[in-house]
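# Structural overview
So the chains spell out like this:
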Amino acid sequence: MTSFDKPTHQPTGPSQEARARHARVPDAQLPDAQASDAQPTEDQKAVTQAALFDAFGGIRGTVETMLPGLLFVMIYTINKNVQMSAIAAGAVAVLLVIVRLVRKDTVKHAFSGVFGVGVGVAFALFTGTAKGFYLPGMIYGAGLGVAFTLSALVGFPLLGVMLGPVFKENLSWRTRNPGRKTAYTKASLAWGLIFLAKYAILFPLYFWGDETQLGWVLIALKLPPMVLAVYFTWLFLAKAPPPINVLAEWEAEEAAEKERKAAAKAAKAARNPQA
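Conventions used here
Residues numbered from 1 in each chain as written. Predicted model: local features only at pLDDT ≥ 70, side-chain atom pairs only at ≥ 80, totals over all residues. Heavy atoms only, no water. Phe/Tyr/Trp six-rings, centres within 6.5 Å; stacked < 30°, edge-to-face > 60°. Buried < 20%, exposed > 50% of the residue type's maximum accessible area, 1.4 Å probe, protein only. Helix = DSSP H or I, 4+ residues; strand = E, 2+ residues; numbered from the N terminus. Axes fitted to C-alpha atoms, helices over the stretch in contact; angles between N-to-C directions. Parallel < 35°, antiparallel > 145°, perpendicular 65-115°, else oblique. Left-handed = near helix turned anticlockwise from the far one by under 90°. Nonpolar A, V, L, I, M, F, W, Y, C, P; charged D, E, K, R; others polar. Polar contact = N/O pair within 3.5 Å; in protein donor to acceptor, adjacent residues only side chain to side chain. Core = buried A, V, L, I, M, F, W, Y, C linked by side-chain atoms within 4.5 Å. Contact = heavy atoms within 4.5 Å. Salt bridge = Lys/Arg side-chain N within 4 Å of Asp/Glu carboxyl O.

## Describing the packing of aromatic side chains
What describes a pair of aromatic rings is the distance from one ring centre to the other and the angle between the planes of the rings. Scanning the entire structure with this criterion turns up 16 aromatic pairs. Seen in terms of ring centroids, Tyr206 and Phe207 are 5.2 Å apart; in terms of plane orientation they differ by 85°. Their pairing is edge-to-face. With relative accessibility at 16%, the residue Tyr206 sits in the buried group. Taking the relative accessible area as the measure of exposure, Phe207 reaches 53% and is therefore exposed.

## With respect to the environment of Ala220
If you trace the backbone, Ala220 turns up in helix α10 (residues 211-220). Taking the C-alpha atoms as reference points, Ala220 and Leu70, 150 residues apart in sequence, are found 9.8 Å from one another.

## Here we look at the packing of helix α7 (residues 130-153) against helix α9 (residues 178-208)
Where α7 contacts α9, the two axes come as close as 7 Å, and the packing angle between them is 150°. Looking at the two axes, α7 sits roughly antiparallel to α9. Both α7 and α9 take part in a crossing whose hand is left-handed. Here the contact of α7 with α9 is built from residues that sort into 19 nonpolar, eight polar and one charged.

## Thoughts on the side chain of Glu64
When you line up the elements, Glu64 lands in helix α4 (residues 58-79). Within the structure, Glu64 has its side chain in polar contact with the side chain of Arg100 (distance 2.8 Å).

## Focus on the nonpolar core
If you look at the biggest cluster of nonpolar residues, it comprises 41 residues, and the most contacted ones within it are Phe72, Phe133, Tyr134 and Leu163. The biggest single contributor to this core is α9, with ten residues. Setting aside residues up to four positions removed in sequence, Phe133 forms contacts with Gly69, Phe72, Ala89, Val117, Gly120, Val121 and Ala124.

## Thoughts on the pattern of salt bridges
In this structure the tally under the stated criterion is three salt bridges. The residue Arg100 makes a salt bridge to Glu64 at a minimum N-O spacing of 2.8 Å. Linking Arg100 in helix α5 (residues 82-103) with Glu64 in helix α4, this pair joins segments that are 36 residues apart in sequence. Its relative accessible area of 5% is what places Arg100 among the buried residues. Taking the shortest distance from any N to any O, the salt bridge between Arg260 and Glu257 comes out at 2.8 Å. With Arg260 and Glu257 both in helix α12 (residues 246-271), this residue pair falls three residues apart, about one helical turn.

Any link to function would need more than the numbers given here.
Laid out in structure tokens, this is it:
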């Protein structure tokens, strides 16, 4: 197991107790070849679906991501006022974060959304055009498309890096679970091609289309490509071998090491009762 597969701190090595514990680990935590040969179950498919749903923000996260941009387009369509549209979009994004903070919900998706909207607002106010609001997100999305595609082609799929911690496998799929590496590669390639196709439509509109038209096309293409990419990810991962739970392995080895030290200390005390 490499240092990328589990936390840096680890005991000196697995003992008999650790190996015995591994024998009792369920399918989703089987090591190496066992996990690679295991067949996906309905439970694993459900776990994969739930993990992806959480990783990409779910329905609420999707709505919060789309709402500021939709508000910007609606207001700009009505009055052509870039400043008013940008401020309204930024205010809604901040409000959504505040609501999550008050409710003590997770804010990682909300913060990423408000950051993206904030950059768009700054560009819109600086350039004085609605296209300025759209440009940062378009550059970011196109960059992601290139990154996903290249990472799949070089054999280090970006989606595996992103989702490895979600499935508690970290980067163990790289060397210990070839079936999941293949699934991550296919999924990353799907994300890359879908994103590149999306922005192949949007950038010509940015350069030669109307600002209002571009805004509504952006809104229309916000959700369907994302849903399609997530679906392909679920499809590939649900059919892949279960992840190797490197955190469970580390905990088992840590517990076995503590047991070994306690047994050694007890044995030493038994040999030297007067010590």
